[in-house]
Amino acid sequence: MSGYLAEHSYGKMKIRVFKVNRHPSGRHEVHEVTVRTILWGDFADSWTKGSNKKMVATETQKNTVYQLAKQHNLESVEEFGKLIASHFLNKYNWITKVKVTLREEPWGRIKVGGQDHHHAFTKTTSETRFAEVVKSRGGGTRVMGGIEDLIVLKTTQSSFECFVGCKGAHVEEDEWTTLKEAKDRIFSTAVKSYWTYASDSAPFTECYHKVKAAFLSTFAGDAVKGVPSTAAQQSQYDMCLAALADNNPHIADISITTPNLHYNPLSSLPTPPSMHAPNNDVFIPIDGPSGYISSKAALRRAKM
């Protein structure tokens with residue numbers, strides 16, 4: 001029994017593009033995107049015979065992205081990804097599928113005297129916008145959007161009680177459960193979420209901003225009263241449901257991960273009580289170990 005080439009693909013990664021859109025008013029818009037291209041097709045001979053006759057060089061793939069950026073404003077990474085994927089399929093008839101992954105850096109305007117500057121920018125937030133476009137010859141186009149490293153934190157209204165090893169839990173005695181219940185704690189996470197668009201012509205940028213807004217408002221609650229979180233899992237699920245509702249019918253499903261970013265109270269250290277913070281207002285940021293929570297929500301399809 002001998003081996004055979006079961007799968008093959010190749011592409012170019014870390015293609016960094018910076019685009020400046022200059023308007024007649026003197027106001028500029030900037031977009032910084034990192035692109036990765038992956039190609040599938042009839043070029044197995046490069047693996048099995050060492051022939052490069054049908055190989056579109058990765059340098060060519062890089063050049064293609066830059067040349068197409070001249071034609072596009074990059075305001076929607078999803079639309080730019082569609083343009084790149086269509087180009088490879090239209091130009092090279094032996095390519096059968098293209099996947100384009102894009103991540104956008106968060107540039108925001110500098111404010112001077114309370115006014116947005118026309119052409120000066122700063123990185124105002126931590127999150128990056130994500131998109132993935134997969135287009136097959138003779139098939140459809142699948143478009144995904146996403147957000148990564150959306151860091152959120154609230155200082156109260158989060159608890160963690162009645163888990164395994166605690167009174168009232170499904171199992172009240174557990175010899176290896178040492179964590180104490182917390183009636184009120186800091187709740188922080190770095191949200192990473194991806195969603196599948198119901199069509200390849202959805203209002204991508206509008207949906208991205210609506211998803212982000214739904215995540216933030218659901219996590220935080222009312223500006224004064226807030227919202228209780230008795231389980232990080234429920235908060236995560238509620239965030240997904242809110243994003244789906246606000247983007248119906250454009251988003252078919254949404255996946256999310258929310259790893260815990262722990263801030264332990266000073267009293268958690270093995271130190272005398274006299275060294276603790278009496279008002280519980282000093283905390284220690286912890287890199288790890290940390291909890292990891294994931295889920296996926298989808299729109300219910302109407303029965304025919």
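Refer to the structure presented above.
These lines cover the structure that appears in this document, whether it is placed above or below. Here the structure is a predicted model, which is why all the values come from computation and not from measurement.

Below, the discussion takes up the overall build of the protein. When helices and strands are counted, the protein shows five helices and twelve strands. Here the C-alpha radius of gyration of the protein, 24 Å, is well above what a compact globule of 304 residues would show, namely 19 Å. Over its C-alpha atoms, taken along the principal directions, the protein stretches across nearly 75 × 70 × 50 Å. The buried share among the 304 residues of the protein stands at 35%. Long-range pairs, those at least 24 residues apart, make up 66% of the contacts in the protein with a sequence separation of at least 6. Accessible surface, the protein as shown: approximately 18,100 Å² in total, 53% of it carbon and sulfur. Charge-centre separation for the protein: the mean point of 37 positive side chains lies 9 Å from the mean point of 31 negative side chains.

Before going further, it helps to examine the pattern of salt bridges. By the definition in use, this model includes 15 salt bridges. A salt bridge links Lys82 to Glu79; the nearest nitrogen and oxygen atoms lie 3.4 Å apart. Note that Lys82 and Glu79 are positioned in helix 3 (residues 77–91) at a spacing of three residues, about one turn of the helix. On the basis of relative accessible area, Glu79 is assigned to the partly exposed category, the value being 29%.

A few words on unusual backbone geometry. In this structure, the amide linkage connecting Asn248 to the following residue, Pro249, adopts the cis form with an omega of 10 degrees. Take Pro249: it is sitting in the loop between helix 5 (232–246) and strand 9 (251–257). A cis amide bond links Gly288 with the next residue in sequence, Pro289, at an omega value of 0 degrees. In this fold, Pro289 is placed in the loop between strand 11 (283–286) and strand 12 (294–298). Phi at Leu74 is positive, roughly 65 degrees, even though this residue is not glycine. Its relative accessible area of 0% is what places Leu74 among the buried residues. Phi angles above zero are rare outside glycine, and Cys162 is one such case at about 60 degrees.

Interaxial distance between helix 2 (residues 58–69) and helix 3 falls to 10 Å at its minimum, and their mutual angle equals 125 degrees. Classed by the angle they form, the pair helix 2 and helix 3 counts as oblique. When the axes of helix 2 and helix 3 are compared, the crossing they make is right-handed. Each of Gln61, Thr64, Val65, Leu68 and Ala69 in helix 2 lies in contact with helix 3, whose residues at this interface are Phe80, Leu83, Ile84, His87 and Phe88. Within the contact of helix 2 with helix 3, the residues separate by chemical class into seven nonpolar, three polar and no charged.

Bridging between strand 4 (residues 107–112) and strand 5 (residues 115–123) involves five bridges; their strand directions are antiparallel. Looking at the pairing, Gly108 lines up with Thr122 of strand 5. Turn length for the strand 4-strand 5 hairpin, with the two strands adjacent in sequence and antiparallel, is two residues, and the turn residue Gly113 shows positive phi of about 60 degrees.

Looking now at the sheet that holds strand 3 (residues 95–105). Hydrogen bonds between backbone groups are what pair the strands of a sheet, and the pairing can be parallel or antiparallel. Overall, antiparallel pairing links the eight strands, which are arranged 1-2-3-6-7-8-9-12 in an open sheet. Whereas interior strands pair on both sides, the edge strands pair on one side only; in this sheet they are strand 1 (10–22) and strand 12. Adjacent strand axes in the sheet meet at a mean angle of 20 degrees, parallel and antiparallel pairs treated alike. Across eleven bridges, strand 1 lies against strand 2 (residues 28–41) in antiparallel orientation. The residue of strand 2 that forms the bridge with Tyr10 is Leu39. Contacts from helix 3 reach strand 2, strand 3, strand 6 (128–136), strand 7 (141–154) and strand 8 (187–197), with the element oriented near 155 degrees to strand 3.

Looking now at the packing of helix 4 (residues 204–220) against helix 5. Contact pair helix 4 / helix 5: the axes reach a minimum separation of 8 Å and the direction vectors enclose 140 degrees. In terms of orientation, helix 4 lies oblique with respect to helix 5. Considering only the axes of helix 4 and helix 5, their crossing is right-handed. Contact residues: helix 4 offers Lys210, Val211, Ala214, Phe215, Thr218 and Phe219, while helix 5 offers Asp238, Met239, Cys240, Ala242, Ala243 and Asp246. Its residues assigned to classes, the contact of helix 4 with helix 5 shows eight nonpolar, one polar and three charged.

This paragraph deals with the side chain of Ser76. With respect to the helices and strands, the residue Ser76 is situated in the loop between helix 2 and helix 3. A polar contact of 3.2 Å, which involves the side chain of Ser76, links it to the backbone nitrogen of Glu79. Excluding residues that lie within four positions of it along the chain, Ser76 makes contacts with Arg129, Phe204 and Thr205.

Turning to helix 3, a few remarks are in order. Counted at 1.5 Å a residue, the expected span for helix 3 with its 15 residues is 21 Å, and the 21 Å between its end C-alpha atoms agrees. All buried positions along helix 3 are accounted for by Val77, Glu78, Phe80, Gly81, Lys82, Ile84, Ala85, Phe88 and Leu89.

To continue, consider a negative patch on the surface. On the surface, a cluster of negative charge is contributed by Glu172, Glu173, Asp174 and Glu175. Residue classification places Glu173 among the exposed positions, given a relative accessible area of 70%.

Reading the values: rules and limits
Residues numbered from 1 in each chain as written. Predicted model: local features only at pLDDT ≥ 70, side-chain atom pairs only at ≥ 80, totals over all residues. Heavy atoms only, no water. Helix = DSSP H or I, 4+ residues; strand = E, 2+ residues; numbered from the N terminus. Rg over C-alpha atoms; globule rule 2.2 N^0.38 Å. Buried < 20%, exposed > 50% of the residue type's maximum accessible area, 1.4 Å probe, protein only. Contact = heavy atoms within 4.5 Å. Areas by Shrake-Rupley, 256 points an atom, 1.4 Å probe, with all protein chains shown as cover. Lys, Arg positive; Asp, Glu negative; His and termini not counted. Charge placed at Lys NZ, Arg CZ, Asp CG, Glu CD. Salt bridge = Lys/Arg side-chain N within 4 Å of Asp/Glu carboxyl O. Axes fitted to C-alpha atoms, helices over the stretch in contact; angles between N-to-C directions. Parallel < 35°, antiparallel > 145°, perpendicular 65-115°, else oblique. Left-handed = near helix turned anticlockwise from the far one by under 90°. Nonpolar A, V, L, I, M, F, W, Y, C, P; charged D, E, K, R; others polar. Pairing = 2+ DSSP bridges. Polar contact = N/O pair within 3.5 Å; in protein donor to acceptor, adjacent residues only side chain to side chain. Expected span 1.5 Å × (residues − 1). Patch = residues over 30% accessible without salt bridge, like charges linked within 9 Å, V, L, I, M, F, W, Y side chains within 5 Å.

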